[in-house]
Amino acid sequence: MNSFYGDYHTHTVFSHGKGTIWENVRRAKEMGLREIAITDHGLSHIAFGLDDDKVLRMRETVEQVKAENPEINILLGVEANLLGRNGVIDVVNDEWDWFDIVLCGYHNFIWPENTKEAFGFWFPALFGNTLHIPVKEKRRISNTDAYIKAIQNNPIDVITHVGLGFPCYVKEVAAAAAEYGTFIELNGKHLCFTDKEFEDMASTGVTFIANSDAHSEGRILEINAVRSLLQRTGYPIERLANYGKRPAFRYCKPREE
Ligand SMILES: [Zn+2]
Ligand SMILES: [Zn+2]
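A brief look at the structure comes next. Bear in mind that the values here come from a model prediction, so they are computed numbers and not experimental data. (Residues numbered from 1 in each chain as written. Chains lettered and ligands numbered in written order. Predicted model: local features only at pLDDT ≥ 70, side-chain atom pairs only at ≥ 80, totals over all residues. Heavy atoms only, no water.)

Describing the sheet that holds strand 7 (residues 208-211)
This is how it is decided: Paired strands are those between which DSSP finds at least two bridges. Helix numbers and strand numbers start at the N terminus; a helix is a DSSP run of H or I with at least 4 residues, a strand a run of E with at least 2.
Read across the open sheet, the seven strands follow the order 1-2-3-4-5-6-7; overall the sheet is parallel. The open sheet has two edge strands, strand 1 (6-10) and strand 7, and neither has a second partner. Where strand 5 (residues 158-159) meets strand 6 (residues 183-187), two bridges bridge the pair, whose relative direction is parallel. Residue pairing across strands places Val158 opposite Phe183, the latter belonging to strand 6.

Focus on the side chain of Ser15
Where we set the bar: When a residue's accessible area, from a 1.4 Å probe over protein chains only, is under 20% of the maximum for its type it is buried; when over 50% it is exposed; and in between it is partly exposed. What qualifies as a polar contact is a pair of N or O atoms within 3.5 Å, subject to a donor-acceptor requirement within protein and to the restriction that residues adjacent in sequence count only when both atoms come from side chains.
Following the sequence through the fold, Ser15 ends up in the loop between strand 1 and helix 1 (21-30). Taking relative accessible area as the criterion, Ser15 reaches 12% and is therefore assigned buried. Polar contacts involving the side chain of Ser15 include one to the side chain of His11, which spans 3.5 Å.

Regarding the coordination of the zinc ion (ligand 1)
When four donors bind a metal tetrahedrally, each ideal donor-metal-donor angle is 109.5 degrees, and when six bind octahedrally, the ideal angles are 90 or 180 degrees. Stated formally: Coordination partners: N, O, S within 2.8 Å of the metal, 3.2 Å for Na, K and Ca; water not considered, so apparent gaps in a site are possible.
Taken together, the protein donors to the zinc ion (ligand 1) comprise Glu79 (OE), His107 (NE2) and His161 (NE2), at separations of 2.1 to 2.2 Å. In the primary sequence, the donor residues of the zinc ion (ligand 1) line up as E-x27-H-x53-H. Here the zinc ion (ligand 2) and the zinc ion (ligand 1) are spaced 3.3 Å from one another, each receiving a donor from Glu79. Here His107 is found in the loop between strand 4 (101-105) and helix 3 (115-130), whereas its partner His161 is found in the loop between strand 5 and helix 5 (170-180), with 54 residues between them in sequence. Comparing His107 with His161 shows no difference in burial state: the two are buried.

Here's the deal with the layout of surface pockets
Just so we agree on the cut-off: Any residue with an atom within 4 Å of a point lines the site, the site being either a cavity, points on a 1 Å grid over the protein atoms alone where a 1.4 Å probe fits but cannot get out, or a pocket, an open set with protein on both sides within 12 Å along at least 5 of 7 lines. Grid points are joined across faces, edges and corners, and a volume is the space filled by probe spheres set on the points. Classification used: nonpolar for Ala, Val, Leu, Ile, Met, Phe, Trp, Tyr, Cys and Pro, charged for Asp, Glu, Lys and Arg, polar for all others including Gly.
Counted as a void, the largest pocket has a volume near 350 Å³. Taken together, 16 residues make up the lining of the largest pocket; nearest its centre are Pro124, Ala125, Val135, Lys136 and Arg139. Counting only elements with at least two residues in the lining of the largest pocket, the list comes to helix 3 and helix 4 (137-153). The leading source of residues in the lining of the largest pocket is helix 3, at five residues. The residue makeup of the lining of the largest pocket, split by class, is seven nonpolar, five polar and four charged. Volume-wise, the second largest pocket comes out at about 280 Å³. Considering the residues around the second largest pocket, the lining is formed by 16 residues, among which His45, Tyr106, His107, Asn108 and Leu164 are closest to the centre. Taken together, the residues that form the lining of the second largest pocket break down as four nonpolar, ten polar and two charged.

Here we look at a nonpolar patch on the surface
Test applied: Patch membership requires more than 30% relative accessible area and the absence of a salt bridge. Residues of like charge join within 9 Å; the nonpolar side chains Val, Leu, Ile, Met, Phe, Trp and Tyr join within 5 Å. Under the convention used here, a 1.4 Å probe and the Shrake-Rupley method define accessible areas, while residue burial counts only the protein chains that appear. Any carboxyl oxygen of Asp or Glu that lies within 4 Å of a side-chain nitrogen of Lys or Arg is treated as forming a salt bridge with it.
Together, Ile46, Phe109 and Trp111 give the surface a local cluster of nonpolar side chains, amounting to about 330 Å² of exposed area. If you trace the backbone, Trp111 turns up in the loop between strand 4 and helix 3.

A look at helix 1
Here is the rule we go by: Directions drawn from the helix axis to the C-beta atoms are what define this arc. What makes two residues a contact is simply this: any of their non-hydrogen atoms within 4.5 Å.
Residues of helix 1 that are buried: Ile21, Asn24, Val25 and Ala28. The arc that holds every buried residue of helix 1, seen down its axis, measures 95 degrees, which confines them to one face. Where the residues of helix 1 are buried, they touch strand 1, strand 2 (35-41), helix 2 (52-68) and strand 3 (73-81). At the C-terminal side of helix 1, Gly32 shows a positive phi close to 80 degrees.

Some points on the packing of helix 5 against helix 6 (residues 195-202)
Using the following cut-off: Structural elements are reduced to axes, namely lines fitted to C-alpha atoms, with helices fitted over the stretch in contact, and the angle between N-to-C directions of any two is expressed from 0 to 180 degrees. Each angle gets one of four labels, with under 35 degrees taken as roughly parallel, over 145 as roughly antiparallel, 65 to 115 as roughly perpendicular, and the rest as oblique. Take the far helix as your reference; a near helix turned counterclockwise from it by less than a right angle gives a left-handed crossing, and one turned clockwise gives a right-handed crossing.
Where helix 5 meets helix 6, the axes come as close as 8 Å, and the angle between the chain directions of the two elements is 25 degrees. On the basis of the axis angle, helix 5 is roughly parallel to helix 6. The way helix 5 lies across helix 6 gives a crossing that is right-handed. For the pair helix 5 and helix 6, contact is made by Val170, Lys171 and Ala174 and by Glu197, Asp200 and Met201, respectively. Residue composition of the contact of helix 5 with helix 6, grouped by class: three nonpolar, no polar and three charged.

Geometric descriptors of this kind do not, in isolation, establish any biological role.
Encoded structure:
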């Protein structure tokens, strides 16, 4: 049995991961996990996004794999995209019912909410990243605000790789997450804040969750960078939402055992 209950951020061939749902589940079982979430990219991702047909097929597969592997629970989730400065994300209305768990993060290659947000939100972030343009204070505040509004207006379970490609004031984002019961992810591939910023986030009382963001089965629960961060800062691993227990998520329902 692994001390980690589950890995809640993994990709499959349904977006741009290499493994199938079957392979991710098999590896999670080998790792001793009791739960795994399949969280491919949200519907507005330009190249890799899901669509309603894919989600249907994924649901069928998940139910099939679940029936054959009763010792591990499988959640069908999504890594939703932030689409604009007002915190709109690409899971809306009935689409929430499609998913057991909803993660949300900023990604470069998305269809923004509308033309106004294409110019006011998407282009500046995209070109700022690509051309490494230093981030102006105004942009950092606006990015922070977008995260906070997304947390306020949507019952998001986890904010993924906070700050990746989207500079912001992480402490303020964490404070909003703490208030609303959203977890801040410590991502095995992308930690986009300093140790000091991590400690600032922790001081808000927010709960962190460690996920791999695996794009191939071999990387499930690959979180060495997170373990190093915790060691450097003296943060107790037991405080992570998915260590030693099932996380009490905001949107994802408690597990029936
Ligand atoms: Zn991501
Ligand atoms: Zn991801």
